[in-house]
Amino acid sequence: MIVASNLCKRYPGGYEAVKDVSFVIEAGQMLLITGHSGAGKSTLVKLIASIEVPTSGSLVVNGQNLSALRRSAIPYVRRHFGMVFQDQKLLFDRSALDNVMLPLQIAGLPRRDAIRRAQAALDKVGLLAREKANPIVLSGGEQQRLAIARAVVNRPAILLADEPTGNLDIDSADEILQIFAAFHQVGVTVVVATHDQHWIERYRPGVLRLDHGSLQ
Amino acid sequence: MRVWFAQHRAAFVSAVRRLWSAPLNTLLSLLVIGIALTLPAFGYVVLDNLNEIGRNVSGVQQISLFMKIDASSKEVAEIENRLRQATTGKWRFVPKDEALKRIQDSEGMADIVASLPRNPLPDAFVVEPTNSDPEALEILRKEITGWPAVAHVQLDSAWVKRFDAFLRLATLALWMLAGIFAAGLIAVTFNTIRLQVMAQAAEIEVARMIGATDTFIRRPFYYFGALQGALGGLLAAALVVGALKLLAGPVGELMALYGASFALRLPGTAEVAALAGIGAFLGWLGAQLSVSLSLRKFD
């Protein structure tokens, strides 16, 4: 469960990306954060993932107040989330399998177990046959699926995504939608920042609509 | 604990891979580090050998004890007993007759000695203490001077002090040189690691976003710095051993001209390990500084 109360984020220079936002996301819910470009969607996702620190307000995830955490505890909190970025942030100096193994290496899983779990994650997104491929040779849709495999390999309870279909054609975007829906169906909380109306039409999830940093 | 070992193993393997992935860069860095460590290491070994030469050259760091001319054999025995108790090291008794015979055997001295009405030389002892520190020798000299039936105690203290002063000066210069080259080694590692952090910025950024701790990110760089330093230290040891082997022949010939037999002492296993350890420590220190500064931009 995610509870945000009066959440604000002001960047150096005074730009206020998120203004006094409060919401509750129940466990197992699928929620979309929508709004035009610059509405504060990405900032809100980063705040939930502890990548950004709120200027004020509180954010409680599974009973843990993220605003009150020590800096050294933040990496461990981030491991509770599976994070999918719009630009995927894949590493092109290693194979698809090694990309997916990274979160497991960070968690200290023995290599043999990490390989097994990474292959299982690749299988879930239909990329097991491409495990040895360098991400650079994968299509945009495949790269996004690889990013999802990396996000879910640690079996997170909460899957966060920032514009996961933003750079994809309709077919690839549809594949990604189906993958997120599949994870939602097995109980994973899915929070997606998007301006893609297909999500709403197809799955009728909960929606947080942002406008200039404020909830509409 | 298993996780801790697995992560250290992974960091070590990653560091080895990074060294191996750019062999030319690695070789050049190792050469710079190796040469930086070779100069002070070579200086240390040379000083160590000079110390050994100082100990081995006849007449240096010896105390000559001359008995009174009329000292009895009982008094000589008493001095022998005191020497046995007071000194750690070697000593030998030179009877007055043996001393006179040595002079007699010297070229041109036979007639002069024959003309003497009686043996003018006293019984003597030559003491070579284990502790050749000038201050310790001086203390021993003063103690022996106060013993009964001792007429004169001679210590070539000026030579010893000069030699010791030279060694101390050279040691100080060596430490200064070592400090400068240590700073150089740290700088080389600092720069190598900085470039690596820049090259791996994407990986570091992603790793942090998905839950990597600072320790997890820093660890491979620490291993890299320490490994590079240790290998540089081993290279330096190899260069020192090679140089000493080349010098061994000429030094032996030179020492033979002074009537001494001397073999250059090569660094032992412990010294080679110490050199690798110093290299590893300095490499780790350079990596620590570099990573701390370079990772700030990711905060």
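In this text, all values refer to a predicted model and were calculated from it rather than measured experimentally. The residue count restarts for each chain, going from 1 along the sequence in the order it is written. For naming, the first written chain is A and the first written ligand is 1, with later ones following in the order written. It should be noted that, the model being predicted, local features are given only for residues of pLDDT at least 70 and side-chain atom pairs only at 80 or more, the latter also being counted only at that level, while totals for whole chains, interfaces and linings use all residues.

**Section: the overall build of chain A**
Then, in step 1: Counting secondary structure elements, chain A contains seven helices and 10 strands.
Then, in step 2: Atoms considered for the radius of gyration are the C-alpha atoms alone. The globule rule reads 2.2 Å times the number of residues to the power 0.38. The C-alpha radius of gyration of chain A comes to 17 Å, within 12% of the 17 Å expected for a compact globule of 216 residues.
Then, in step 3: If one aligns the C-alpha atoms of chain A with their principal axes, the spans along those axes are about 45 × 40 × 35 Å.
Then, in step 4: With C-beta atoms placed from the backbone, a residue is labelled by how many other C-beta atoms lie within 10 Å of its own: buried for 20 or more, exposed for 12 or fewer, partly exposed between the two. Classification of the 216 residues of chain A by burial places 42% in the buried group.
Then, in step 5: Of the contacts formed within chain A by residues at least 6 apart in sequence, a portion of 69% connects residues at least 24 apart. Runs of E in the DSSP output that reach at least two residues are strands. Runs of H or I that reach at least four are helices, and both are numbered from the N terminus. Each residue is represented by a C-beta atom placed from its backbone, and any two residues with such atoms within 7 Å are regarded as in contact.

**Brief notes about the sheet that holds strand β3 (residues 124-129) of chain B**
All names here are of chain B.
Then, in step 1: Pairing between strands is defined by DSSP: at least two bridges between the two strands are required. With antiparallel pairing, the four strands of this open sheet are ordered in space as β2-β3-β1-β4. Two strands in the sheet have a free side with no partner beyond their single neighbour: β2 (89-94) and β4 (150-155). The average undirected angle you get between the axes of adjacent strands in this sheet is 15°.
Then, in step 2: Here strand β1 (residues 63-67) pairs with β3 via four bridges, running antiparallel. Paired with Phe66 across the two strands is Ala124, which belongs to β3. Axis lines are fitted to C-alpha atoms, over the contacting stretch for helices. Their N-to-C directions set the angle, which ranges from 0 to 180 degrees.

**Considering the interface of chain B and chain A**
Then, in step 1: With 14 residues of chain B at the interface, the matching set in chain A holds 14 residues.
Then, in step 2: Listing elements by their share of the side of chain B that touches chain A, those giving two or more residues are α1 (2-21) and α8 (201-209) of chain B.
Then, in step 3: Take the side of chain B that touches chain A: its biggest share by element is five residues, from α8(B).

**Some remarks on the sheet that holds strand β8 (residues 189-193) of chain A**
Residue and element names in this part refer to chain A.
Then, in step 1: If you walk across this open sheet you meet the six strands as β6-β7-β8-β3-β9-β10, and the pairing is mixed. Among the strands making up the open sheet, the edge pair consists of β6 (81-84) and β10 (214-215).
Then, in step 2: Most of the contacts of helix α5 (residues 140-152) go to β6, to which it runs at about 165°, and overall it touches β6 and β7 (158-162).

**What to know about the domain arrangement of chain B**
Then, in step 1: Assigned domains within chain B: domain 1 (2-56 + 162-298) and domain 2 (63-155).
Then, in step 2: Where each domain begins and ends is defined by an automated method or by a domain database. The straight-line distance from the C-alpha centre of domain 1 of chain B to that of domain 2 of chain B is 50 Å.

**Examining the pairing of β8(A)**
All names here are of chain A.
Then, in step 1: Where burial is concerned, most of β8 is hidden: five out of the five residues are buried.
Then, in step 2: Pairing analysis gives four bridges linking strand β3 (residues 30-34) to β8, with the strands arranged parallel. In the strand pairing of β8, Leu31 is matched with Val191.
Then, in step 3: Seen with its strands pointing away from the viewer, a crossover is right-handed when the path leading from the first strand over the helix to the second is clockwise. The parallel pair β7 and β8, bridged by helix α6 (residues 170-185), forms a crossover whose chirality is right-handed.

**Things to note about the nonpolar core**
The nonpolar side chains of a soluble globular protein tend to be buried with one another.
Then, in step 1: A set of buried residues qualifies as a nonpolar core if it consists of Ala, Val, Leu, Ile, Met, Phe, Trp, Tyr and Cys joined through C-beta atoms within 7 Å. By size, the foremost hydrophobic cluster in this structure holds 103 residues, and its most contacted members are Ala149(A) and Leu160(A).
Then, in step 2: Per-element accounting of this core gives the leading share, 13 residues, to helix α9 (residues 214-257) of chain B.
Then, in step 3: Setting aside residues no more than four positions away along its own chain, Ala149(A) makes contact with Val100(A), Ala121(A), Leu122(A), Lys124(A), Val125(A) and Leu127(A).
Then, in step 4: Judged by nonpolar contacts, the second largest core, of 10 residues, contains Met67(B), Ala124(B), Val127(B) and Leu155(B).

**Details of the environment of Gln105(A)**
Then, in step 1: You can see Gln105(A) is positioned in helix α3 (residues 96-107).
Then, in step 2: Sequence separation of Gln105(A) and Ile115(A) is 10 residues, and the distance between their C-alpha atoms is 10.0 Å.
Then, in step 3: Once you skip the residues sitting within four places of it in the chain, Gln105(A) turns out to touch Ala114(A) and Ala10(B).

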